[in-house]
Amino acid sequence: MKSLPFALLLTSYAMMAQPVLRSSNLVGNAGSYDTKIAQGSIFVVFGTNLGGDAVVQNASLPIKTSLGNASIRLAPVSGGGAVDAFMIYTTKNQLAGLLPSNTPVGDYNLTVTYNGATSAPGRTTVTAQGFGIVSADSSGAGQAQAQEFRSSSAFDLNRFTTGALGSFTVAPARPGQVIVLYGTGIGADAQSDSTGGTSGDKTASANIKVVVGGQEITPAYAGRASELPGTDQVNFTLPTNVAQGCFVPASVKVGSTVSNTVTLSIAPESQNGCSHPSLSEGQLRSISQGGTLTLGSILLNKATITISVPGLGTLDTTSESATANFAQYGTGNLSGFGGTQGVSGIDQCIVNRQIATQDQLVAPTIQALFLDAGAQLTLNGPNAANIAIPRVADKSYLKTLGTPGIGGIPGLPGPAPTAIIAAGNYTVTGTGGPDVGAFSAILAMPSPIDWTNKAAINNINRAAGQTFTWSGGTGGGNNIVAIVGASGVRAGGTSSAPAFDTATFACLANASAGTFTVPASVLTQLPASSGSIIDGSGIAFAGVEMITDPTKGSFTAPLTKGGTIDTALFSGLVGFLKTVNFQ
């Protein structure tokens, strides 16, 4: 057999080592993973063969434009000189760089060079600002990696309970306490780029506000962190009347831009931890100290959505589903389990600001490591006889129940919905799988609520507050009603999945109350509604949702590797949403 020519061998080797950028979302803000890069910010680049197998980190100042034989270059699409990023770290499939503050805004072709081989270019955009908050698990979501100031020489990391995490102390934040958030993307500061200097506070010049639980706070300092190139810190004091709970949403506004949303754990001074509807203080402490919990959730969900369509009138659609999952949870994703809209208690409200699609607003995705409990689960109960709930690709379980009904179109009423979810006892069983063994769960579903003043709520005067009334939902324990709403304007996305810059609110009440008034102090934090979800120009809706008593419906399930699920809940949710106008 003849050997390949030496030149061909070199070509083959170069091709194998060629850096390759990810085909979409190839860059992200190092805190939020937003796909645009702010001037002077730290960003990450994703792909393959971008660096060596070992992690190489910059270890001294000033930082340089090459590290571990890897570099990042951005060439303006419109022409002009290319920009070399300062290098923060390199790995095989991910690099981190710092964009020089003097880089002009606009579109760029980004390339990575490693060991002399250069990738094909990928497109990215440079903006003036785009702040991303660092989260505790570095995912850009979940609990913030926030510091709580105790003294000039002592601080805690924000977690669900008091305790220790390695050499750090942890605790929930307290009303009136000074908090420090870290991130990147406030904007240009050339003094920081390579040496970690700072030109000082940007609060006024960049119009920076922190939003916690819907309250807007002016920081005491917002700018570069000393000796940390490209890293911003935002110091602020929590109001004494701040919302409390395990998952109080927090974000940072820089001018007209809004950061990713993270959560803060906030509790009164008298408590060792925040209050969770279904997890004990001990379980929360385990997560606060770096552990995980294995949790199970089963949900019967019935939703009626009313949409006003120009030229057609009002359309109602009702859908029902059964979902389930068994998963491992930590600081980053615990808010996806058994929570009640992130609100800390009955007769309280919380406001959140985020950029998200309609589906993300109505049904947020849970980022978790799901466990396999078998090919299917089985639902029995009123109107339900041995209904299979199949396992889907991510090892969670989903079954659409009944036949969705659509009404309201003159001459085309649509099929009558086949109702499955009603008052009575439901059972979900599983025969077991590779991760979770056989189990049985029971839910006593109360008579579902009815939103009694739904027809009267079309135009909500934000300055006057809005009263919601309902009936039913009072059997089987202390059931909860969540009064919810959202208002936002188009802020990107695609024609099929537009993204909206949205403020949402959620308030909790006992189902037995039958009424709740959302105060003006909450509603005025929402923008006036404009546009329509029909054409993707805006979003505005309000509604009520009954959630079965979080202390009921608990069950257990064995784990095949030993032990049992830490906590598992079988819950029901019946909700109504309708499009409205916020004025």
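Owing to the predicted nature of the structure, the values given are computational and were not obtained by experimental measurement.

Re the nonpolar core
- Counting 57 residues, the largest nonpolar core has F326, L379, I483, F505, V518 and F570 as its most contacted members.
- Every residue in contact with L379, bar those within four places of it in the chain, is listed here: L300, A384, A385, N386, I387, I389, L401, Y426, T427 and V428.

Overview of the sheet that holds strand β37 (residues 466-471)
- Taken in spatial order, the 3 strands of this open sheet run β35-β37-β40, and their pairing is antiparallel. Each edge of the open sheet carries a strand with a single partner, namely β35 (450-451) and β40 (515-518).
- The pairing of β35 with β37 spans 2 bridges and is antiparallel. Looking at the pairing, W451 lines up with W470 of β37.

Some remarks on the packing of aromatic side chains
- Counted under the stated rule, the structure contains 8 aromatic pairs.
- With 6.4 Å between their ring centres and 40° between their planes, Y33 and F46 make a pair best called tilted. One end of the pair, Y33, is in the loop between β2 (27-29) and β3 (36-38); the other, F46, is in strand β4 (residues 42-48), and 13 residues separate them in sequence.
- By relative accessible area, Y33 is classed as partly exposed at 30%.

Regarding the state of the cysteines
- As enumerated under the stated definition, the model contains 2 disulfides in all.
- Put simply, C246 and C274 are joined by a disulfide, and their sulfur atoms are 2.0 Å apart. Judged by the sign of its S-S torsion, about 95°, the cystine formed by C246 and C274 is right-handed. Of this pair, C246 sits in strand β23 (residues 245-254) while C274 sits in the loop between β25 (262-266) and α2 (281-288); the two residues are 28 residues apart in sequence, bridging distant segments of the chain.
- On the basis of relative accessible area, C246 is assigned to the buried category, the value being 2%.
- At a sulfur-sulfur separation of 2.1 Å, the disulfide partner of C349 is C507. Between C349 and C507 the sulfur-sulfur dihedral comes to about 110°; the bridge is accordingly right-handed. In this pair, C349 sits in strand β28 (residues 349-357) while C507 sits in strand β39 (residues 498-510), placing the two residues 158 residues apart along the sequence.
- Among the residues examined, C349 registers a relative accessible area of 19% and is labelled buried.
- Looking at the protein chain, its bonded cysteines, counted consecutively from the start of the sequence, adopt the pairing 1-2, 3-4.

Description of α2
- Considered for burial, the residues of α2 that qualify are Q283, L284, I287 and S288. Projected onto a plane normal to the axis of α2, the buried residues spread over an arc of 145° and lie on a single side.
- Positive phi appears at G290, one or two residues downstream of α2, with a value of about 95°.

Remarks on unusual backbone geometry
- Along the chain, L61 connects to P62 via a cis peptide bond; the corresponding omega equals 0°.
- Counting through the fold element by element, P62 comes out in the loop between β5 (56-57) and β6 (70-76).
- The residue N49 is not glycine, and still its phi comes out positive at about 55°.
- Within the fold, N49 resides in the loop between β4 and β5.
- In this model, D347 sits at a positive phi of 65°, which is unusual for a non-glycine residue.
- Of note, D347 is situated in the loop between β27 (313-329) and β28.
- We classify D347 as exposed; its relative accessible area is 55%.

Considering the pairing of strand β38 (residues 480-493)
- Sheet topology places β38 next to β39; 12 bridges connect them, and they run antiparallel. In the sheet register, A482 faces β39, and the bridge partner there is L508.
- Where β38 hands over to β39, the hairpin turn is made up of 4 residues, counted between the paired strands.
- Two strands pair when backbone bridges link them, and β38 and strand β41 (residues 538-547) are joined in this way by 10 bridges, in the antiparallel orientation. In the strand pairing of β41, V484 is matched with G543.

Describing the confidence of the model for the protein chain
- A residue-level look at the protein chain finds 89% of positions with pLDDT of 70 or above and a mean pLDDT of 89.
- For residues 1-15, every residue scores under 50 in pLDDT, and the model assigns this stretch 1 contact once sequence neighbours within four places are set aside.
- Note that residues 406-416 has pLDDT below 50 and, in this model, 17 contacts with residues that lie over four places away or in other chains.

Rules behind the numbers
Residues numbered from 1 in each chain as written. Predicted model: local features only at pLDDT ≥ 70, side-chain atom pairs only at ≥ 80, totals over all residues. Heavy atoms only, no water. Core = buried A, V, L, I, M, F, W, Y, C linked by side-chain atoms within 4.5 Å. Buried < 20%, exposed > 50% of the residue type's maximum accessible area, 1.4 Å probe, protein only. Contact = heavy atoms within 4.5 Å. Pairing = 2+ DSSP bridges. Helix = DSSP H or I, 4+ residues; strand = E, 2+ residues; numbered from the N terminus. Phe/Tyr/Trp six-rings, centres within 6.5 Å; stacked < 30°, edge-to-face > 60°. Disulfide = S-S within 2.5 Å. Arc of directions from axis to C-beta. pLDDT = per-residue confidence, 0-100.

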